[in-house]
Amino acid sequence: MVFVRHALPEEQVTARLTEAGPADRFWRADAVEVHTASADRVESACPLSGPGACGGCDWQHVGIGAQRALKAAVVIEQLTRLGRIDPGHPVLAGLRVRAVPGDTGGLGWRTRVRFAVDDRGRPGLRRHRAHDVVPVPHCPIAHPGVDEVQAGLKRWPGSAAVEVVVAPDPARPQEVQHLVVVEPREAGPAASGRSRVDVPPLAVEASVARRGPQGLQRLRGRTWVEESVTVDGTRRTFRVTGGGFWQVHPGAAQTLLDTVLELADPRPGETALDLYCGVGLFTAGLALRVGATGTVLGVEGDPRGAADARRSLHDLPMVRLESGGVEPVLRGLTGSGELAGADVVVLDPPRSGAGRKVVEAVTALRPRVVVYVACDPAALARDVATAAGLGYRLDGLAAFDTFPMTHHVECVARLVPDPASGADQVPGTGQGGSADLR
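Residues numbered from 1 in each chain as written. Predicted model: local features only at pLDDT ≥ 70, side-chain atom pairs only at ≥ 80, totals over all residues. Heavy atoms only, no water.

Engineer: Looking at this structure, how should I read the pattern of salt bridges?
Structural biologist: Think of it this way: side chains of opposite charge can pair up when their charged atoms draw near. One pass over the structure, following the stated rule, counts 24 salt bridges. One salt bridge in this structure joins Arg211 and Glu163, with 3.6 Å as the shortest N-O distance. Of this pair, Arg211 sits in strand E10 (residues 207–212) while Glu163 sits in strand E8 (residues 159–168), and the two are 48 residues apart along the sequence. Judged by relative accessible area, which is 24%, Arg211 ranks as partly exposed. Of the charged contacts, one joins Asp315 and Arg236 as a salt bridge, the two residues approaching to 2.8 Å between their closest N and O atoms. Taken together, the residues Asp315 in the loop between helix H5 (303–312) and strand E16 (319–323) and Arg236 in strand E13 (residues 234–241) connect sequence positions 79 residues apart. For Asp315, a relative accessible area of 41% puts it in the partly exposed group. Since its relative accessible area comes to 8%, Arg236 is described here as buried. Several salt bridges converge on common partners, so that one network encompasses Arg68, Lys71, Asp103 and Asp401. (Salt bridge = Lys/Arg side-chain N within 4 Å of Asp/Glu carboxyl O. Helix = DSSP H or I, 4+ residues; strand = E, 2+ residues; numbered from the N terminus. Buried < 20%, exposed > 50% of the residue type's maximum accessible area, 1.4 Å probe, protein only.)

Structure representation (structure tokens):
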């Protein structure tokens, strides 16, 4: 089997092998010449997209509508093959990958761009599956605020990487916060924060921070940006330190929050869990829905993200935050008797997925609904299959194009107890009555 990058189904191309070892399970290749083009092929918006060039986008040559159709096909294929979902399942019928608000033809959306820096101080993006740095003076998928900084046009002596973070205000799009995070070339414990980096003059006013062994060091301005969403008409703001996790498409956070709340339908007095909670996006939404008589437990393994969540959610007394791995935290709370059940569980794991142990811990709480946010359909499918074996069936699915011009897609799945398994006979907390998390 050969996977050919920069080609489309049913095209005839000349392909150059790029990875083809005799022991490899599959080979990789690049389409270097197109003989019979697909009707879905378009002229790339980026001159650096193509064989041997920038590795950042793999679908610049595909029309945006066709991109979304291909992503929907991938989601369905993974859920049927790995998730063992029947192809005729209602949630798969007519599945489409939807654009998020603010989309402009798949361009100008990426609010976080990490430039690699070569040993001569020149920034750029890496070639596909390589360490070579390709100079990128302008990235068409980057938010305009990234280009305003002009970090990709400067020299960065002593740096290994430079990350540009921009945070546009949804209510005032013209107001954009800029943060530049510089990573020294000599990183690690031996550096002890002393290695030098030279910050060139930037084209706009921006905060600048330096990443070192002890965390972020403020060079000027502040080390964080402020992001915001609206929950039931109330604006909530979140501190996101450095390059900490936040959705990179400006329309994604609000879209995913609205979808999670719609699928979970949290109710006053319930106990809800937000696993892999990051800075607390879904935690805040759940808290405002369960109200003062409910409880929300947020769990985050990244100490920096957990600290940001504590600062952003301090005014919500129904929220308890735990910093640590999801599985050990749940094991400790259930073992101590502090957590005997839950009504709603939301989880947004990393690309590798939640994994069997976490899925087992979640289903053991017998929630009435589990909402799973996934950036990798294969990982989602594997965890859906695991949940099915534990009495939870796929009941709802939405997919969003939060990463246009790439093969990535964001899914939100709803799992509920399967009556055929008897799982629905075991109640959750019953309006929060069997969990004491505060």
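Engineer: Where do I start with the environment of Ala53 in this structure?
Structural biologist: Residue position: Ala53 is located in the loop between strand E3 (27–36) and helix H1 (64–81). Owing to a relative accessible area of 17%, Ala53 belongs among the buried residues under this scheme. Separated by 195 residues in sequence, Ala53 and Val248 place their C-alpha atoms 23 Å apart. Setting aside residues no more than four positions away along its own chain, Ala53 makes contact with Leu48, Arg127, His128 and Val134. (Contact = heavy atoms within 4.5 Å.)

Engineer: Any chance you could explain unusual backbone geometry here in plain terms?
Structural biologist: With glycine set apart, most residues show a phi of negative sign, and most peptide bonds adopt trans. A positive phi angle is found at Gln150, which is not glycine, with a value near 60°. Relative to the helices and strands, Gln150 resides in the loop between helix H2 (144–149) and E8. Among the residues examined, Gln150 registers a relative accessible area of 33% and is labelled partly exposed.

Engineer: I tried to follow the packing of aromatic side chains on my own but got confused; where do I start?
Structural biologist: Two numbers describe a pair of aromatic rings. These are the distance of the centres and the angle of the planes. Taken as a whole, this structure holds three aromatic pairs when the rule is applied. Between Phe3 and Phe26, the aromatic rings sit 4.9 Å apart at their centres with planes inclined by 75°, giving edge-to-face as the arrangement. Of this pair, Phe3 sits in strand E1 (residues 2–5) while Phe26 sits in the loop between strand E2 (12–19) and E3, placing them 23 residues apart in sequence. Residue class for Phe3 comes out partly exposed when judged on its relative accessible area of 42%. Note on Trp109 and Phe403: the rings are 6.4 Å apart at their centroids and 80° apart in plane angle, and the pair reads as edge-to-face. (Phe/Tyr/Trp six-rings, centres within 6.5 Å; stacked < 30°, edge-to-face > 60°.)

Engineer: What am I meant to see in the packing of helix H6 (residues 326–336) against helix H7 (residues 356–364) here?
Structural biologist: To characterise two packed helices, one gives the angle between the axes of the helices and the distance between these axes. Running from N to C, H6 and H7 cross one another at 35°; their axes reach a closest spacing of 9 Å. Helix-helix and strand crossings are classified by hand; for H6 and H7 the assignment is left-handed. Contact residues: Val326, Glu327 and Leu330 in H6; Lys357, Val358, Ala361 and Val362 in H7. For the contact of H6 with H7, the residue count by class is five nonpolar, no polar and two charged. (Axes fitted to C-alpha atoms, helices over the stretch in contact; angles between N-to-C directions. Left-handed = near helix turned anticlockwise from the far one by under 90°. Nonpolar A, V, L, I, M, F, W, Y, C, P; charged D, E, K, R; others polar.)

Engineer: Help me understand the sheet that holds E10 in this model?
Structural biologist: Working definition: the strands of a sheet are paired by backbone hydrogen bonds and lie parallel or antiparallel to each other. Pairing in this open sheet of seven strands is mixed, and the strands run E7-E6-E5-E8-E9-E10-E11 from one edge to the other. Two strands lie at the open edges of the sheet, namely strand E7 (133–134) and strand E11 (215–220), each paired on one side alone. Alignment of strand E5 (residues 112–117) against strand E6 (residues 123–126), held across two bridges, turns out to be antiparallel. Looking at E6, one finds that Val117 is bridged to Pro123. (Pairing = 2+ DSSP bridges.)

Engineer: Explain the packing of H1 against helix H8 (residues 377–389) to me, please; I cannot follow it from the model alone.
Structural biologist: With their axes 8 Å apart at the nearest point, H1 and H8 run at an angle of 30° to one another. Between H1 and H8, the interaxial angle falls into the category roughly parallel. When you trace H1 past H8, the crossing you get is right-handed. Here Val74, Val75, Gln78 and Leu79 of H1 come into contact with H8, specifically with Pro377, Ala378, Leu380, Ala381 and Val384. (Parallel < 35°, antiparallel > 145°, perpendicular 65-115°, else oblique.)

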